[in-house]
Amino acid sequence: MDDCDRLRLVILVGAAREGRFGLAAAEWFAARARLRKDFDVDVIDLATAWLPDLMTADPAVPRPSAVRDLSPWLAAADAFAVVTQEYRYGYPASLKNAIDWYDREWHAKPVGFLSYGGPSGGLCAVAQLRQVFVESHAVTVPETVSFHNYRERWGPDGRFLDTDDCRRDAVAMLDRLGWWGRALRHARSIEPYGDPHRSCTEG
């Protein structure tokens, strides 16, 4: 595959707790994505992004430097894989904060989810995130990688343990992100994704 055809995949680690499983899961998924010829991969850890919690409703106020620093990485992405834990049937506040700081960076791009939790495997958090990303004008893919009872995923040597099912799910999600990533990048190159309300009022 020509380098120009490769997609930029950003893996976003949403959990910001100490000892979190999410970083190990993200690196596992990144390693699988890097085996392919269709993706260049970046892993962004929100725990080290230092995005501020306080936002302003005044659009004239400049965005904080940490928000500006992360923006080009998200804007350059053709696809996203969001790693989320589930806590009390929801997703982390750090992840919602990151989503809300940005707007056009998400537009017309595919988003997949890698989740973890107890018996539900984080899927309750994923269900909520699908609604959030739809409102962010992103396209969520149905294929998901889910780690149930994630505390059992550590071997006696401290290494991360996966399964055949998880590996198959990862391939399926990467395939789907690749399809949508190519399709939406092509669509954006023909017609930029804009505000439909603005176009209706112009002319």
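This text goes with the structure placed above it.
Reading guide: rules and limits
Residues numbered from 1 in each chain as written. Predicted model: local features only at pLDDT ≥ 70, side-chain atom pairs only at ≥ 80, totals over all residues. Heavy atoms only, no water. Pairing = 2+ DSSP bridges. Helix = DSSP H or I, 4+ residues; strand = E, 2+ residues; numbered from the N terminus. Axes fitted to C-alpha atoms, helices over the stretch in contact; angles between N-to-C directions. Phe/Tyr/Trp six-rings, centres within 6.5 Å; stacked < 30°, edge-to-face > 60°. Buried < 20%, exposed > 50% of the residue type's maximum accessible area, 1.4 Å probe, protein only. Salt bridge = Lys/Arg side-chain N within 4 Å of Asp/Glu carboxyl O. Lys, Arg positive; Asp, Glu negative; His and termini not counted. Core = buried A, V, L, I, M, F, W, Y, C linked by side-chain atoms within 4.5 Å. Contact = heavy atoms within 4.5 Å.

1. Here we look at the sheet that holds strand β1 (residues 7-13)
If you trace the five strands from one edge of the open sheet to the other, you get β2-β1-β3-β4-β5, paired in parallel fashion. Each of the sheet's edge strands pairs with one partner strand only, and the pair in question is β2 (39-45) and β5 (139-147). Recorded for the sheet is a direction-independent mean angle of 20 degrees between the axes of neighbouring strands. Judged from the six bridges that link them, strand β4 (residues 110-116) and β5 form a sheet pairing that is parallel. Within β5, the residue paired with P110 across the bridge is V139.

2. Digging into the packing of aromatic side chains
Enumeration according to the criterion identifies 10 aromatic pairs in this entry. Note on F21 and Y116: the rings are 5.0 Å apart at their centroids and 65 degrees apart in plane angle, and the pair reads as edge-to-face. Of this pair, F21 sits in the loop between β1 and α1 (22-34) while Y116 sits in strand β4, and the two are 95 residues apart along the sequence. Across the pair, Y116 and F21 agree in class, each one buried. A network of ring pairs unites the aromatic residues F21, W28, Y116, F147 and Y150 as a single cluster.

3. Comments concerning the pattern of salt bridges
With the rule as written, the count across this model stands at 13 salt bridges. The salt bridge partner of R168 is D165, with a shortest N-O separation of 2.1 Å. Here R168 and its partner D165 are both found in helix α5 (residues 164-190), three residues apart, which amounts to about one turn of the helix. Bridged by salt links that share partners, the residues R36, D38, D175 and R182 form one connected network.

4. Considering the side chain of T84
Mapped onto the elements of the fold, T84 is located in strand β3 (residues 79-85). Exposure remark for T84: the relative accessible area of 0% places this residue in the buried category.

5. Points about the side chain of K109
Mapped onto the elements, K109 comes out in the loop between α3 (93-101) and β4. No salt bridge is formed by the buried K109, whose closest oppositely charged neighbour, D78, lies at an N-O distance of 6.5 Å.

6. Quick look at the nonpolar core
If you look at the biggest cluster of nonpolar residues, it comprises 29 residues, and the most contacted ones within it are L9, I11, W28, F29, L114, V145 and F147. Among the elements of the structure, β1, α1, β2, β3, β4, β5 and α5 are those that each provide at least two residues to this core. The element best represented in this core is α1, accounting for six residues. If we ignore the near neighbours within four places in the chain, the residues touching F147 are F21, A25, W28, L114, S115, Y116, G117, G121, R153, F160 and C166. With 28 residues, the next largest nonpolar core counts I44, A66, Y91 and V126 among its residues.

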